[in-house]
Amino acid sequence: MRTVRRVAAGSNTFAGVRLDRAGMRRTDERWLAERLAEPAARALLVAPEGIYVSADSRPALVPLSSLPPLDEPVLLGLDADGAVFAVNADGAEPPPGATLMGLRDAGALLSAEDAGLLAYGTAIVNWHRAHPHCARCGARTLVAEAGFVRRCPNCGAEHHPRTDPVVIMVVHDGDRVLLGRQPTWPEGRYSALAGFVEPGESLEEAVAREVQEETSVQVEDVVYRSSQPWPFPASLMLGFHARHAGGEPRVCAELDDVRWFERSELEAVVRGETDFHLPPPLAIARRLIDEWLRV
């Protein structure tokens, strides 16, 4: 039995995976072949609609040897029992007794460690689904390095899994915070502002730019709080608090509305006493808001 070194996991949903990712062994083809062949090897089946969860609310890992030939398995890492892979489950039979579940629903139900494993497997399999061809020459690429590289046999280019950084921020001003809502959200829901980091931009610059673009408000004292993997499809949410430095909010870009919320008003929202709603607990936006309320 292998000993897996435990490292403190993040407390945000999807940030709790505890595996030895074995990054230094991915180029060792002989070692990888041994992991694929060992009886203890298990696979996480990732379907286009979600992932499979067992009746006891755990990831439905199945013996790798029991699966028919599918797309090449991706090595997620090692746990105390052996190797854990992720497999594109298109066309595969579901595990006995397992339920196909959307990742958001699973994240609200499973432990932090299990939700992290599902997010990890979903992110890497979705990357393979979306990038079968070389971005340089268009040729079909081949899987390499245990699934963490796609290599082009035509031009030699190597393509690696990508993660898109997204800043998400609670802007505060004394005893109030600035929240907005998108038109596609459920009626009455407000959340933290957010946006993708652009090339040649620091995270702090991205926070200031996104807030100004979306609300015309200026910020200062941008402070990092925590991060959250968000595989919808391939983002990393980077959470911040920022202090209001000037300007009054007005809708400027993608938002349907933006406004200040007083502390007492948000406390009433949390208690369910208003028609407004905040994001669910699995979202980093909710953690950022709750952190501010505790100050």
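A brief report on the enclosed structure follows. (Residues numbered from 1 in each chain as written. Predicted model: local features only at pLDDT ≥ 70, side-chain atom pairs only at ≥ 80, totals over all residues. Heavy atoms only, no water.)

Brief notes about unusual backbone geometry
Excluding glycine, most residues fall at negative phi; most peptide bonds, likewise, are trans.
And then number 1: Geometrically, the link from Phe232 to Pro233 is a cis peptide bond, its omega value of 5° lying close to zero.
And then number 2: When you line up the elements, Pro233 lands in the loop between β13 (218–230) and β14 (235–246).
And then number 3: Phi at Ser57 is positive, roughly 60°, even though this residue is not glycine.
And then number 4: One can find Ser57 in the loop between β2 (50–53) and β3 (61–63). (Helix = DSSP H or I, 4+ residues; strand = E, 2+ residues; numbered from the N terminus.)

Topic: the packing of helix α5 (residues 263–270) against helix α6 (residues 284–294)
And then number 1: Remark: α5 packs on α6, axes separated minimally by 11 Å, with the N-to-C direction vectors making an angle of 125°. In terms of orientation, α5 and α6 fall into the oblique class. Every pair of crossing elements has a handedness; the one defined by α5 and α6 is left-handed. For the pair α5 and α6, the contacting residues are Arg263, Leu266, Glu267 and Val270 in the first and Arg286, Ile289, Asp290, Trp292 and Leu293 in the second. (Axes fitted to C-alpha atoms, helices over the stretch in contact; angles between N-to-C directions. Parallel < 35°, antiparallel > 145°, perpendicular 65-115°, else oblique. Left-handed = near helix turned anticlockwise from the far one by under 90°. Contact = heavy atoms within 4.5 Å.)

Observations regarding the packing of aromatic side chains
And then number 1: Tallied over the entire structure, the rule returns seven aromatic pairs.
And then number 2: A centroid spacing of 5.7 Å and a plane angle of 70° characterise the contact between Tyr224 and Phe240, whose relative ring orientation is edge-to-face. With Tyr224 in strand β13 and Phe240 in strand β14, the pair connects residues that are 16 residues apart, well separated along the chain.
And then number 3: The class for Tyr224 is partly exposed, based on a relative accessible area of 44%.
And then number 4: Aromatic side chains Phe261 and Phe276 sit 5.6 Å apart centroid to centroid with 85° between the ring planes, which places their arrangement in the edge-to-face category. Note that Phe261 is positioned in strand β15 (residues 257–262) and Phe276 in the loop between α5 and α6, a separation of 15 residues in sequence.
And then number 5: By relative accessible area, which is 1% here, Phe261 ends up buried.
And then number 6: Linked through ring pairs, Phe14, Trp230 and Phe232 together constitute an aromatic cluster.
And then number 7: The lysine or arginine in question, Arg104, covers the ring of Phe232, its NZ or CZ lying 4.0 Å from the ring centre.
And then number 8: Above the ring of Phe261, the side-chain terminus of Arg259 is found at 3.8 Å from the ring centroid. (Phe/Tyr/Trp six-rings, centres within 6.5 Å; stacked < 30°, edge-to-face > 60°. Buried < 20%, exposed > 50% of the residue type's maximum accessible area, 1.4 Å probe, protein only. Lys NZ or Arg CZ within 6 Å of the ring centre and 35° of its normal.)

Quick word on the sheet that holds strand β7 (residues 142–144)
And then number 1: With antiparallel pairing, the three strands of this open sheet are ordered in space as β7-β8-β9. Taken across any chain shown, the strands that pair with only one partner, and hence form the sheet edges, are β7 and β9 (158–159).
And then number 2: Taken together, the two bridges between strand β8 (residues 149–151) and β9 define a ladder with antiparallel strand orientation. Each residue of the ladder has a partner; that of Arg150, found in β9, is His159. (Pairing = 2+ DSSP bridges.)

Here we look at the layout of surface pockets
And then number 1: Reported here for the largest pocket is a volume of approximately 750 Å³.
And then number 2: Among the secondary structure elements, those contributing two or more residues to the lining of the largest pocket are β10 (164–173), β11 (176–181), β12 (193–196), α4 (203–215), β13, β14 and α6.
And then number 3: Here the lining of the largest pocket takes four residues from β12, the largest share from any one element.
And then number 4: Residues that form the lining of the largest pocket fall into these classes: 20 nonpolar, six polar and seven charged.
And then number 5: Space inside the second largest pocket adds up to approximately 380 Å³.
And then number 6: The biggest single contributor to the lining of the second largest pocket is helix α3 (residues 112–130), with six residues.
And then number 7: Of the residues that constitute the lining of the second largest pocket, the class distribution is 14 nonpolar, three polar and two charged. (1 Å grid on protein atoms, 1.4 Å probe; cavity = no way out; pocket = protein on both sides within 12 Å on 5 of 7 lines; lining within 4 Å. Points joined across faces, edges and corners; volume = space filled by probe spheres on them. Nonpolar A, V, L, I, M, F, W, Y, C, P; charged D, E, K, R; others polar.)

Thoughts on the pairing of strand β5 (residues 82–88)
And then number 1: In terms of burial, β5 is a largely internal element, seven of the seven residues being buried.
And then number 2: Sheet topology note: the strand β1 (residues 42–47)/β5 ladder contains five bridges and is parallel. Within β5, the residue paired with Leu44 across the bridge is Ala86.
And then number 3: Sheet topology note: the strand β4 (residues 74–79)/β5 ladder contains five bridges and is antiparallel. Paired with Asp79 across the strands is Gly82, a residue of β5.
And then number 4: Between the antiparallel neighbours β4 and β5 lie two residues.

Functional significance is not addressed by these values, which are geometric in nature.
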